[in-house]
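Results of the structural survey
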Amino acid sequence: MERKIEKKELRSVFWRSLALQGCFNYERMQAIGFAYAMVPILRKLYPETKDMSEALKRHVGFFNTSPQFVSFIYGTTIALEEQNAKSENFDTGSINAIKAALMGPLAGIGDSFFWGTFRIIGAGIGASLAVQGNLLGAILFILIYNVPHYLLRYHGLHIGYNQGVNFLQNAFASGAIEKLTQAAKLMGAVVVGALIASLVRFSTPFVLNVGETSIELQSIFDGIMPKILPLGLTFAIYYFIKKGTKTTTVMLGLIVFAILGVFLGLL
């Protein structure tokens, strides 16, 4: 099939897609941002005002997915709109149906990879350098998160346009998406564990006097498992948050606990 959409229109969609959540609302979520990015394509495909209006209306319905993976849906939608512009018998309802079918799975994958993996890795590396006063910490955080983000957003648009839903269907059917998602979750858990050991500082100077022998309580904990106190504190905080305790209450509790611990000589 002859393509009407050129690289300049796809580039325009790429840059406009960065404003996906610029008009986010709780009624239609990202719909306005999605429609905004589609405008250059719709202008090219539908020179008649009536056709252009109908096409815009299709894309202001409810839409919500991972911003990092949205370009796959953009590319597929562009290909479908192009088919619709060339065929009088094309079912326009299939455009929104495919958008709805893709936005849920891609949202889960995007959250696992970017919110659960790259963001945590970047924050861990960046924070460890930042606490040392190294400006590279902030720079690395931005790069670790955004380099894969922009590469995926750009190439995903072209993959979606050229291969449509076939690429995603093959990826899901082969189990590649599920494996990548599980790997991302595992990597995120490993990074969180490393952050606990490196960034959570919790120890005790308390000394036990047994007869003429003095034993540091911290050495006992280290003998059981190094960094066991930071791990225990992290699990305690996680427990209270899972029970619905407000984060501000948890923070105030930590402050009070720290003050009392120092006053009593336990911290």
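Criteria and thresholds
- Residues numbered from 1 in each chain as written.
- Predicted model: local features only at pLDDT ≥ 70, side-chain atom pairs only at ≥ 80, totals over all residues.
- Heavy atoms only, no water.
- Helix = DSSP H or I, 4+ residues; strand = E, 2+ residues; numbered from the N terminus.
- Contact = heavy atoms within 4.5 Å.
- Areas by Shrake-Rupley, 256 points an atom, 1.4 Å probe, with all protein chains shown as cover.
- Salt bridge = Lys/Arg side-chain N within 4 Å of Asp/Glu carboxyl O.
- Buried < 20%, exposed > 50% of the residue type's maximum accessible area, 1.4 Å probe, protein only.
- Axes fitted to C-alpha atoms, helices over the stretch in contact; angles between N-to-C directions.
- Parallel < 35°, antiparallel > 145°, perpendicular 65-115°, else oblique.
- Left-handed = near helix turned anticlockwise from the far one by under 90°.
- Nonpolar A, V, L, I, M, F, W, Y, C, P; charged D, E, K, R; others polar.
- Core = buried A, V, L, I, M, F, W, Y, C linked by side-chain atoms within 4.5 Å.

A few points about the overall build of the protein
The secondary structure content of the protein amounts to 11 helices and two strands. Listing each helix as α and each strand as β along the protein from the N terminus yields α-α-α-α-α-α-α-α-β-β-α-α-α. A fraction of 71% describes how many contacts in the protein between residues 6 or more apart in sequence connect residues 24 or more apart. Accessible area of the protein: about 15800 Å², with a carbon and sulfur share of 65%.

Some details on the environment of Gln-218
Within the secondary structure, Gln-218 sits in helix α9 (residues 217-224). Separated by 11 residues in the primary sequence, Gln-218 and Val-207 place their C-alpha atoms 8.3 Å from one another. In this structure Gln-218 touches Ser-203, Thr-204 and Leu-229, once residues within four positions along its chain are discounted.

Notes on the pattern of salt bridges
Any two side chains of opposite charge can pair if their charged atoms end up close together. On inspection of all chains with the given rule, the structure shows three salt bridges. Between Glu-81 and Arg-58 there is a salt bridge; the shortest N-O distance is 2.8 Å. Of this pair, Glu-81 sits in helix α4 (residues 70-86) while Arg-58 sits in helix α3 (residues 49-58), and the two are 23 residues apart along the sequence. With respect to class, Glu-81 is no different from Arg-58; both count as buried. Residue Glu-82 is joined to Lys-86 by a salt bridge in which the shortest nitrogen-to-oxygen separation is 4.0 Å. Of this pair, Glu-82 and Lys-86 both sit in helix α4, separated by four residues, roughly a single helical turn.

So, the packing of helix α1 (residues 7-17) against helix α6 (residues 136-163)
Between α1 and α6, the least distance of the axes is 10 Å, while the angle of their chain directions is 135 degrees. If you check the angle between α1 and α6, you find them oblique. Seen along the crossing, α1 lies across α6 with a hand that is right-handed. Mapping the contact onto sequence places Leu-10, Val-13, Phe-14 and Ser-17 in α1 and Tyr-150, Arg-153, Tyr-154, Leu-157, His-158 and Tyr-161 in α6. Along the lines of polarity and charge, the residues of the contact of α1 with α6 split into seven nonpolar, two polar and one charged.

Details of unusual backbone geometry
Most of the time, phi is negative for any residue but glycine, and the peptide bond is trans. For Met-29, which is not glycine, the phi torsion reads 55 degrees and is therefore positive. With respect to the secondary-structure elements, Met-29 resides in the loop between α1 and α2 (31-45). Exposure remark for Met-29: the relative accessible area of 17% places this residue in the buried category.

Observations regarding the side chain of Gln-30
Tracing the chain through its elements places Gln-30 in the loop between α1 and α2. Take Gln-30: its relative accessible area is 1%, and that puts it in the buried class. Residues within four places of Gln-30 in sequence aside, it is in contact with Leu-20, Gln-21, Phe-24, Phe-63, Asn-64, Thr-65 and Pro-67.

Quick notes on the nonpolar core
Counting residues in hydrophobic clusters, the biggest one holds 32 residues, and the most contacted among them are Phe-34, Tyr-74 and Ile-78. Within the residue set of this core, elements represented by two or more residues are α1, α2, α3, α4, α5 (93-130) and α6. With seven residues, α2 is the single largest residue contributor to this core. Among all residues touching Tyr-74, those that are not within four sequence positions of it are Val-13, Ser-17, Leu-20, Gly-33, Phe-34, Ala-37, Met-38 and Leu-157.

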